[in-house]
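Breakdown of the fold
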Amino acid sequence: GENVEQHPSTLSVQEGDSAVIKCTYSDSASNYFPWYKQELGKRPQLIIDIRSNVGEKKDQRIAVTLNKTAKHFSLHITETQPEDSAVYFCAASADNNNDMRFGAGTRLTVKP
Amino acid sequence: DVKVTQSSRYLVKRTGEKVFLECVQDMDHENMFWYRQDPGLGLRLIYFSYDVKMKEKGDIPEGYSVSREKKERFSLILESASTSQTSMYLCASSLSRGGYEQYFGPGTRLTVT
């Protein structure tokens with residue numbers, strides 16, 4: 001089955017700096033890669049996703065890149081703000097699967 | 001707006017008790033999932049269901065069972081609760097198989113004493 005590894009487990013940046021979180025996956029059939037943000041005490045919510053037919057997707061200050069050959073994808077947050085502080089999860093799934101596998105999460109702290 | 005609700009936010013049970021956690025979604029989603037969330041371990045899949053009465057084991061099914069008698073409702077059952085099952089339990093649903101967003105419930109924090 002799919003195995004998703006996520007690094008780093010914790011990340012601390014200064015407000016205004018960029019943050020990068022990286023994930024690798026094992027199943028070459030995976031073709032959908034979402035990122036979820038979980039604020040303290042709240043449920044995880046989708047912030048951006050990418051499918052295998054594109055290499056990069058951007059939404060304002062967040063972007064995701066995908067390297068299918070190397071089986072890794074990354075989340076980039078630019079101009080970080082204190083409200084970006086949260087736990088971020090990457091995940092992977094395939095069209096012909098019913099399940100999704102998540103990484104262990106990255107706790108991002110943005111210091112004002 | 002998709003709404004996923006869970007029966008309890010906080011639950012305290014004794015070792016050996018049978019525990020039911022219920023999840024309901026209101027968007028006619030085919031897939032439903034149960035995860036447990038522990039610090040440093042992320043979201044680990046316990047069971048999922050892709051149709052009424054259909055279920056598949058996830059990565060950590062031991063000590064758990066599930067039931068899906070109606071499309072909108074997915075129950076997680078701890079047959080005999082143990083202290084190792086103290087955790088946050090998250091339910092989720094998605095439209096169909098493969099690449100679709102999962103919508104999460106608010107979570108149930110279960111403490112087994």
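Scroll up a little and you will see the structure.
All values reported here derive from a predicted model rather than from experimental measurement.

1. What about the overall build of chain A?
When you go through chain A residue by residue, the secondary structure sums to zero helices and eleven strands. Listing every helix and strand of chain A by position from the N terminus yields β-β-β-β-β-β-β-β-β-β-β. Relative to the globule expectation of 13 Å for 112 residues, the C-alpha radius of gyration of chain A, 13 Å, shows essentially globular dimensions. Principal axes of the C-alpha set define a box for chain A whose edges measure 45 × 25 × 20 Å. Entry remark: accessible area of chain A is about 5500 Å², with carbon and sulfur atoms responsible for 44%.

2. With respect to the interface of chain A and chain B
Taken residue by residue, the interface counts 21 residues in chain A and 25 residues in chain B. Roughly 1900 Å² of surface becomes buried between chain A and chain B when both sides are summed, with 49% attributable to carbon and sulfur atoms. Considering only the surface of chain A that becomes buried against chain B, Arg43(A), Asn98(A) and Phe102(A) emerge as the three largest contributors, covering 35% of it. On the surface where chain A and chain B come into contact, there are one salt bridge. The residue Asp59(B) makes a salt bridge to Arg101(A) at a minimum N-O spacing of 2.8 Å.

3. Regarding the nonpolar core
In this structure, Trp35(A), Phe73(A) and Leu108(A) are the most contacted members of the largest nonpolar core, which totals 23 residues. Only β2 (10-14), β3 (19-25), β4 (32-38), β5 (45-51), β7 (62-67), β8 (72-77), β9 (86-92) and β11 (106-111) of chain A provide two or more residues apiece to this core. Every residue in contact with Leu108(A), bar those within four places of it in the chain, is listed here: Leu11(A), Val13(A), Ala19(A), Ile77(A), Asp84(A), Ser85(A), Ala86(A) and Tyr88(A). With 20 residues, the next largest nonpolar core counts Leu11(B), Met32(B), Ile46(B) and Cys91(B) among its residues.

4. Some words on the pairing of β5(A)
Residues and elements named next belong to chain A. Bridge analysis of β4 against β5 gives six bridges, and the strand direction is antiparallel. Bridged to Lys-37 within β5 is Gln-45. Adjacent in sequence and paired antiparallel, β4 and β5 are bridged by six residues, among which Gly-41 carries a positive phi angle near 80°.

5. Thoughts on the layout of surface pockets
Estimates place the volume of the largest pocket at around 650 Å³. As for the largest pocket, its lining consists of 32 residues, of which Gln38(A), Val87(A), Phe89(A), Arg107(A) and Gln37(B) are closest to the centre. For the lining of the largest pocket, the secondary-structure elements that each account for two or more residues are β9 and β11 of chain A together with β4 (31-38) and β9 (87-94) of chain B. Among the elements that take part in the lining of the largest pocket, β11(A) stands out by supplying four residues, more than any other.

Here is what the cut-offs are and how they apply
Residues numbered from 1 in each chain as written. Chains lettered and ligands numbered in written order. Predicted model: local features only at pLDDT ≥ 70, side-chain atom pairs only at ≥ 80, totals over all residues. Heavy atoms only, no water. Helix = DSSP H or I, 4+ residues; strand = E, 2+ residues; numbered from the N terminus. Rg over C-alpha atoms; globule rule 2.2 N^0.38 Å. Areas by Shrake-Rupley, 256 points an atom, 1.4 Å probe, with all protein chains shown as cover. Contact = heavy atoms within 4.5 Å. Buried area = accessible area lost by both parts, 1.4 Å probe. Salt bridge = Lys/Arg side-chain N within 4 Å of Asp/Glu carboxyl O. Core = buried A, V, L, I, M, F, W, Y, C linked by side-chain atoms within 4.5 Å. Buried < 20%, exposed > 50% of the residue type's maximum accessible area, 1.4 Å probe, protein only. Pairing = 2+ DSSP bridges. 1 Å grid on protein atoms, 1.4 Å probe; cavity = no way out; pocket = protein on both sides within 12 Å on 5 of 7 lines; lining within 4 Å. Points joined across faces, edges and corners; volume = space filled by probe spheres on them.

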